[in-house]
Amino acid sequence: MLADSHAHLDDERFENEVDTIIENAREAGIGFILNPGTEESTSVRAIELSQTYDIVYAGVGFHPSDCASFDKNKHPKMIRKWCEQDKVLAIGEIGLDYYYDDGAPRDLQKKVFEEQIGLANELKKPIIVHDRDAHGDCLDMVKSCLDPNVGGVFHSYSGSVEMAKILLDFGLYLSIGGPLTFKNSRKAPDVVKYMPLDRLLIETDSPYLTPVPYRGRRNEPAYVRFVAEKVAEIKEIPVEEVQETTFENCQRLFGV
Ligand SMILES: [Zn+2]
């Protein structure tokens with residue numbers, strides 16, 4: 001069995017094709033897909049998809065790029081309500097994005113991130129962290145705000161081995177996706193080599209970040225197998241071991 005820890009099946013690029021995409025995923029041996037929300041409508045859609053497909057589970061939350069739409073008076077209540085459903089497993093994706101920070105100022109991103117970490121602590125749901133060009137602040141905020149018993153994952157991890165070490169010490173998981181397979185991938189192979197396999201997740205971030213050999217096309221969960229193969233190659237272990245262990249890691253982190 002394989003798990004894709006992060007896929008946006010709610011994305012408009014999959015419109016009317018989700019049946020086929022799920023069929024492809026099943027054929028590729030995938031038994032678990034986590035679809036995180038990025039604001040209100042995608043969180044609702046993620047829940048709908050989780051109710052339609054047995055292998056799909058949902059995360060709910062406000063992505064840093066969408067955090068201007070987070071309404072303090074309305075959305076915390078909504079998140080609590082969403083989390084009452086069995087297949088809502090995480091708060092995410094949430095975090096900081098300093099690459100695209102023109103839409104949402106950093107102060108606001110931090111405020112919304114902190115509020116949602118607080119909700120994760122209260123609801124005992126692990127967090128799915130989006131960290132782009134914001135390593136220092138993400139690390140500080142997670143360390144100071146997150147209940148370590150709640151835990152979480154840094155998705156599409158792009159930091160250094162040194163930062164990975166700190167996150168692992170804090171009990172977090174790291175998820176690695178398509179960029180690992182890119183020719184110009186620098187830090188990710190070192191991180192994978194360093195990581196204990198039992199703290200690693202793999203993902204597609206579909207429809208983005210398509211792995212080699214399909215780089216440039218639309219990504220889909222079935223392609224997570226190329227990430228598994230690359231991890232196996234780097235760690236010099238059988239691909240089956242990577243598939244099984246990363247699947248178990250997902251089940252453990254998200255409490256399935
Ligand atoms: Zn994402």
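Residues numbered from 1 in each chain as written. Predicted model: local features only at pLDDT ≥ 70, side-chain atom pairs only at ≥ 80, totals over all residues. Heavy atoms only, no water.

Here we take up the side chain of D10. With respect to the secondary-structure elements, D10 resides in the loop between β1 (2-4) and α1 (18-27). Within the buried core, D10 has no salt-bridge partner, and the shortest N-O distance to an opposite charge, that of R45, equals 6.9 Å. Looking at D10, its side chain comes within polar contact range of the side chain of N35, at 2.8 Å. (Helix = DSSP H or I, 4+ residues; strand = E, 2+ residues; numbered from the N terminus. Buried < 20%, exposed > 50% of the residue type's maximum accessible area, 1.4 Å probe, protein only. Lys, Arg positive; Asp, Glu negative; His and termini not counted. Salt bridge = Lys/Arg side-chain N within 4 Å of Asp/Glu carboxyl O. Polar contact = N/O pair within 3.5 Å; in protein donor to acceptor, adjacent residues only side chain to side chain.)

Right, let's get into the environment of R80. Along the chain, R80 turns up in helix α3 (residues 75-82). Along the backbone, R80 and A120 are 40 residues apart, and their C-alpha atoms lie at a distance of 9.4 Å. Once residues lying within four places of it in the same chain are set aside, the contact partners of R80 are L119, E122 and L123. (Contact = heavy atoms within 4.5 Å.)

Let us now look at the UniProt feature "binding site: a divalent metal cation 1" (unreviewed entry) in the protein. Mapped onto this numbering, the UniProt entry gives "binding site: a divalent metal cation 1" (unreviewed entry) at H6, H8, E93 and D205. With the annotated positions falling across 200 residues, the maximum pairwise C-alpha distance of 11.1 Å places them together in a single cluster. Only 2.9 Å separates the side chain of H8 from the side chain of E93, close enough to count as a polar contact. Relative to the helices and strands, D205 resides in the loop between β8 (200-202) and α8 (224-235). Overall, the relative accessible area of 9% leaves D205 in the buried class. Every residue in contact with D205, bar those within four places of it in the chain, is listed here: H6, H8 and H155. In terms of polar contacts, D205 uses its side chain to reach the side chain of H8, at 3.3 Å. (UniProt positions renumbered as here; feature names shortened; annotations may be inferred.)

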